[in-house]
Amino acid sequence: RGDGRGDGRGDGRSSEGRGGEGRSDGRGEGRGDGRGDVRGDIRNNGHGAIVAVGNVGTDFVTCSNNEVGGNELAETTKHLLAHDIQSALKVLVKLSKQENAKAVRNNPMMKEVLSQLYGQLYADNISIWPRELADLALAMGELQLHDPVAVEVLKRVAELAERQVDLFTPGDIAVIVRGFASLGMRTESLMSVIAAEVVRKIDGFDQRQLSNTAWAFAKSGLWNEHLVRAIAAGCLSKISTFTAQSLSQISWAMAQWRTRKDDLMNAIVCELQRKTSEFAPAPLAMIAWSFASLQLKSPPLMTAISAEAGLKIADFKTQDLAHLAWAFANLKVQDQALFNLVAERFQQDIKAALPPELANTAWAFSKNNFSHEPLMNSIADEAIVQIRSLKPLEVATLAWAFAVARLQHRQLMVEIGGQVAKRIEKFQPPQLSHIAWAFGALSLKHQEFMTSLSAHVQRGIGSFKAEVLSGIAWAFAMVRFRDEVLLRRMATDIARDVADLRPLALARCAWAYRLLLGRSPELMMALVVESVKKIDSLPTKTVVNLVDSLYANPPVPMQSSLLEKALAARIEQVSSFFKEAWSVGNQPSINLEQYTSQLSAFGVVDCGIVGTPVLLGQLGIEIPNCSFLQECRMQRRMRGTGLPLPQQQQLLLLQQQQLLLLWQWKPCAPHPPLHAALLQKTAVGYLNAKLPKQHWRPNNAAVNNAKSAQL
């Protein structure tokens, strides 16, 4: 009995094939895969070719028994050789339930078992029951068999199951769909007929079968309105019998389907509150994740989950912690005590955390505005170790999280910039925009990344939307990275699709181009026109920034004036509030908490270059003159010297006198030439260094007179 692998690539059409050329010891001399003879002989000769193609020698079986699952696989092979597929499947199912089941797939004997299964399933006189087909699919799913022969076996299982699907019980249905889903196989033809069968037999499903069936269809990415409606109704009618695991599975399925069945989800909340103590960490975190994915915010649910998680936090794995933190952050549920526990527990097992868990946990803490620097530093250190394993989305998420937390972990950002530069073709435009935004927000200039990003955008600018391009322009401006050729090309595309920009992007884009290019008339005109259209939806801060960005070179006077009028109207709300809160001659009419709350509601820190004079004018306050501003700046500079107050005052007085002499210089002033030149050099040099030129106007006649005196 040759092993059949020597010339397995023969024509496969002869009833004898060429598998018999192996030696009598069963080891053969060839290395062919033997699949040609299996298919050919089975179709022509029934069971005749099974021995010739698949039978291994005694020496091979003996030497494999010591490996994981060796005895069970040997027993399975023995049953298959005797054409007892039912007994073979029982052993295989038992093997798949062992703790180390997945390691069995590495045993060389598994290939022989798969070859035997393939041969018998394709036999003309095959006789196999629905339950056996379901068990075989589940066993292969649990063992995670992705071998090409395994795929062919499962295809055959699907064919046979589809022919007799009406004979499947609810238990058979739940088992077979779980098996296929575990392997990620989308057998749409089979799943379609099974879906119809589920709807027809839904009353016969128990809680475990319902949750497993829902999980399998959701895992396969398959959705059917009638199926989902039937499963939801079935779950609702039997919800009191659901275990913690079943509740988490049905919640997860609904989240994957993006289906909000409010009556069912409310019932799940009630059951969790009633059975909280029965929940292990994984189901507890999964239900929180599912509700957050559906944007279903249930305070009673989150309170119950938080309390139970706090009691069992020591049993949470990093994946459960990431799911839990992500859920609370996504629903904007502030729970400082829980997040502190999560941070402490996550740091303990940080070495076991996978890239998605690192990224999602960092995102959750930043999203919820919980600044936990030790945790973030631990995540950064571990992310650096695993940087090559991070997927593009995980890289973008990490960069965003650290930027929002305002943590300049330079080593991490350097690694991120280098990795993105090397793999930039694998990143989607929005991901690149988020990463660029992170570098800009942290004011970190990574030359390699910026140069690589610039070249990448130029090569494929057609795939970048206006929102993404404006974000990249803002990031370039934040780190002063100037590529004029790219910026002008981007300006054309942004102007064309300016309607796609969100309000904040309008102001940021205007600011970035004003800083990097000075003028871009076509783009600025488009930004102003679009801002006027969206003026009612623009926050006051955005209006302030936008008007300031256009102040130097307003492209469309009429449109710009409309923006300034809108700004004046917004500022009038602020000035009216001040007048009411601080009425002249009276005590404040508002307490500190109300005052702070109202100021926050306005959404502005200051009213900007254009808006501040408007605010002062509405309040009846004279705009400060240059002398006042100079004195303020000098006092600030004096405080920064660290000198004692008397010495600060003396130095301040001296500088005030020097500035005053220069500022009020008359052509006939009788200063000696040397003194005049020294005074001119000192005062003008100080002004050049400390004051923006648009804030002051020196006496040109006096300066020229000083220069003449110096000559």
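These lines cover the structure that appears in this document, whether it is placed above or below. (Residues numbered from 1 in each chain as written. Predicted model: local features only at pLDDT ≥ 70, side-chain atom pairs only at ≥ 80, totals over all residues. Heavy atoms only, no water.)

1. Here's the deal with the packing of aromatic side chains
In the structure shown here, the tally under the stated rule is twelve aromatic pairs. Ring centres 5.9 Å apart and planes at 40 degrees place the aromatic pair F577 and F578 in the tilted group. Clustering of aromatic rings is evident, with ring pairs tying together W289, W326, W363 and W400. Directly above the aromatic system of Y122 lies the positively charged group of R156, at a separation of 4.9 Å from the ring centroid. Geometry around W215 places R178 over its ring, the cationic atom sitting 4.4 Å from the centre. (Phe/Tyr/Trp six-rings, centres within 6.5 Å; stacked < 30°, edge-to-face > 60°. Lys NZ or Arg CZ within 6 Å of the ring centre and 35° of its normal.)

2. Regarding the pattern of salt bridges
Evaluation of the coordinates by the stated rule reveals 19 salt bridges. Put simply, R200 and E197 hold a salt bridge, and the shortest N to O gap is 2.2 Å. Remark: E197 and R200 occur in helix 10 (residues 188–200); sequence separation between them is three residues, near one turn of the helix. A relative accessible area of 7% means that E197 is categorised as buried. (Salt bridge = Lys/Arg side-chain N within 4 Å of Asp/Glu carboxyl O. Helix = DSSP H or I, 4+ residues; strand = E, 2+ residues; numbered from the N terminus. Buried < 20%, exposed > 50% of the residue type's maximum accessible area, 1.4 Å probe, protein only.)

3. So, the nonpolar core
In globular proteins that are soluble, nonpolar side chains generally tend to be buried together. Ranked by internal contacts, the top residues of the largest apolar core, which has 211 residues, are I176, L324, I416, I435 and Y513. Among the elements that take part in this core, helix 25 (residues 466–478) stands out by supplying nine residues, more than any other. Excluding anything up to four places from it in sequence, I435 contacts V395, A396, A399, I416, V420, F427 and F449. (Core = buried A, V, L, I, M, F, W, Y, C linked by side-chain atoms within 4.5 Å. Contact = heavy atoms within 4.5 Å.)

4. With respect to the environment of S575
Looking at the secondary structure, you find S575 in helix 30 (residues 557–581). Residue classification places S575 among the buried residues on the basis of a relative accessible area of 1%. With 44 residues separating them in the primary sequence, S575 and L619 have C-alpha atoms 6.2 Å apart. Residues in contact with S575, not counting those within four places in the same chain, are L615, Q618 and L619.

5. Quick word on the packing of helix 27 (residues 503–516) against helix 29 (residues 540–549)
One way to put it is that helix 27 packs onto helix 29 with a least axis distance of 9 Å and a crossing angle of 25 degrees. As the angle between them shows, helix 27 and helix 29 are arranged roughly parallel. Here helix 27 runs over helix 29; the crossing is left-handed. Across the interface between the two elements, P503, L504, L506, A507, A510, W511 and R514 from helix 27 touch T542, N545, L546, D548 and S549 from helix 29. Considering only residue class, the contact of helix 27 with helix 29 consists of seven nonpolar, three polar and two charged. (Axes fitted to C-alpha atoms, helices over the stretch in contact; angles between N-to-C directions. Parallel < 35°, antiparallel > 145°, perpendicular 65-115°, else oblique. Left-handed = near helix turned anticlockwise from the far one by under 90°. Nonpolar A, V, L, I, M, F, W, Y, C, P; charged D, E, K, R; others polar.)

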